[in-house]
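Secondary and tertiary structure notes
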Amino acid sequence: MSVKKLEKKLFGTNGVRGVTGVDMTPDLALSIGMAFGSMRKGRIAVGRDTRTSGPALSSAVAAGLLSTGCDVVDCGVLPTPALQFLVRERFDGGVMITASHNPPEYNGIKVIEPDGTEMGDVETVALEQRVFSKDFTSADWDGVGEEERAPGAAEEYVRAVVSRFEPGIGKGITVVADPGCGAAARTTARILSRLGCRVLTINALEDGTFPGRMPEPSIEGLSALADLVRSTGAAFGVAHDGDADRAVFVDETGTYVEENKEFALVERYICAKKKGAVVTPVSSSLLIETVARDAGCSVVYTPVGSIYVARTMIDLIAKGTPVVFGGEGNGGLIFPDHQFCRDGGMTAAMMVAILAGKNQPLSALVAELPVFHLIKDKRRVNDPGSLVKKVQDAFPGDNLDLTDGVRINRGQTWALIRQSGPEPLVRVMVESDSKKKAEALYNEIMLFFRE
Ligand code: MG
């Protein structure tokens, strides 16, 4: 089972994104605020990451919400998962101003439902229609909303994350945190030090020009973090994207921990304690399925996008299936006991729990994981719409999964062929426990494209 994708015009998989002043303007933010306010009533929390355009856009969203009669609580700068947590606890909805990992000139808007999840496709399409047709409900003079500020909002999230762990679990562990001058500058170092860790930071000032590194925590951008980890003898380094829903790691030698391996380490830790389903997109490594199976757990696949993972987790639980863990192979991990969204602060804390009381360093834990070989490629095609049908015809004898694009499953070898974004581009992923088998299937797929 899985949640189905719907075509959206304005919103992508993770909200609206665009270049500030070009396609991401206060006009658009105002319209989205008015549209969302026309669909909902009550108190709406508004938050933002550290981008320079954040105050202008969040003021515009707030103006739209207020004009339709919603009350607005301005939570200021905080991570997306912090806003999502606060909304679930005590608001009727939320709006987050962030462009996540995109460069500084971008910004974006994510709409949050009362349960703390990102707005689903059906509701988002309805919201888009209101924006396009300017279908807004304006309040009268005595019905407009009231605005208040909640500068301590991030602290509530920090306390909630810390409360999930044994007090002092991080004692004796040195950690370097790199929030990349983004929203986690308010939270991650506080979380880690309250767990008992000795915490050093880099790029820890809130700065929307991102002077230290780009908001995407890429291997190249994390060289300063890796150096500091090595020179201080830290157990690991953790870095976030601009809004800190994702966390990535370098081990004690400064080596980047590939994100599917990061997923697998957390998964192994959780699945040793609890049994149930692990939910992840069809693009995730077979490593995730292997670790689940070895621990007596199962994997449920979804379309690509964290919102589909979160919604599938909620649906499964509602139908009585226990779900222990979920997320994507990009450092965006979802802890269902905590909340149903990717949570970078929680992921950083979880790494402390994994290492606590262990004699092995992080690099040794990574080295224990089974190895898979991945090939990634892109192909330009004329008619991506008919691709699924063509792949079905070309691989008739195979076990095909049509959750998102086509996934060809051949035991310990699989391939995913899917359209991504508005361009006529098709992404190809092939993975296997054998390098030879991965190359063979990749060559078969390339032959198919040539024909
Ligand atoms: Mg993000």
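The structure this text deals with has already been given above.
The following paragraphs examine the structure supplied in this document.

Rules used throughout
- Residues numbered from 1 in each chain as written.
- Predicted model: local features only at pLDDT ≥ 70, side-chain atom pairs only at ≥ 80, totals over all residues.
- Heavy atoms only, no water.
- Helix = DSSP H or I, 4+ residues; strand = E, 2+ residues; numbered from the N terminus.
- Rg over C-alpha atoms; globule rule 2.2 N^0.38 Å.
- Buried < 20%, exposed > 50% of the residue type's maximum accessible area, 1.4 Å probe, protein only.
- Contact = heavy atoms within 4.5 Å.
- Areas by Shrake-Rupley, 256 points an atom, 1.4 Å probe, with all protein chains shown as cover.
- Lys, Arg positive; Asp, Glu negative; His and termini not counted.
- Charge placed at Lys NZ, Arg CZ, Asp CG, Glu CD.
- Donors = N, O, S within 2.8 Å, 3.2 Å for Na, K, Ca; no water.

1. Quick word on the overall build of the protein chain
- Secondary structure summary: the protein chain contains 14 helices and 20 strands in total.
- Scaling as 2.2 N^0.38, a compact globule of 451 residues should have a C-alpha radius of gyration of about 22 Å, and the protein chain matches this with 22 Å.
- The principal-axis extent of the C-alpha atoms belonging to the protein chain is close to 70 × 55 × 45 Å.
- Looking at the protein chain residue by residue over its 451 residues, the buried ones come to 57%.
- Contacts spanning at least 24 positions in sequence make up 71% of the contacts within the protein chain whose residues lie at least 6 apart.
- Roughly 18000 Å² of accessible area belongs to the protein chain as shown, and the carbon and sulfur atoms make up 51% of that amount.
- Charge separation in the protein chain, taken as the distance between the mean sites of 50 positive and 58 negative side-chain charges, equals 3 Å.

2. Thoughts on the coordination of the magnesium ion
- Surrounding the magnesium ion are the protein donor atoms S100 (OG), D241 (OD), D243 (OD) and D245 (OD), at 2.0 to 2.2 Å.
- In terms of primary sequence, the donors binding the magnesium ion are separated according to S-x140-D-x1-D-x1-D. Within this pair, whereas S100 is found in the loop between strand 4 (93–97) and strand 5 (106–112), its partner D245 is found in the loop between strand 9 (236–240) and strand 10 (247–250), the two being separated by 145 residues in sequence. The pair formed by S100 and D245 is uniform in burial state, with each residue classed as buried.

3. Re the side chain of S58
- Among the structural elements, S58 can be located in helix 2 (residues 54–67).
- Once residues lying within four places of it in the same chain are set aside, the contact partners of S58 are V46, R48 and I97.

4. As for helix 5 (residues 153–162)
- Extensive coverage of helix 5 is indicated by the burial of eight of its 10 residues.
- All of the buried residues along helix 5 are A153, A154, E155, Y157, V158, A160, V161 and V162.
- Packed against the buried residues of helix 5 are strand 3 (71–77), helix 3 (80–90), helix 6 (188–194) and helix 11 (344–355).

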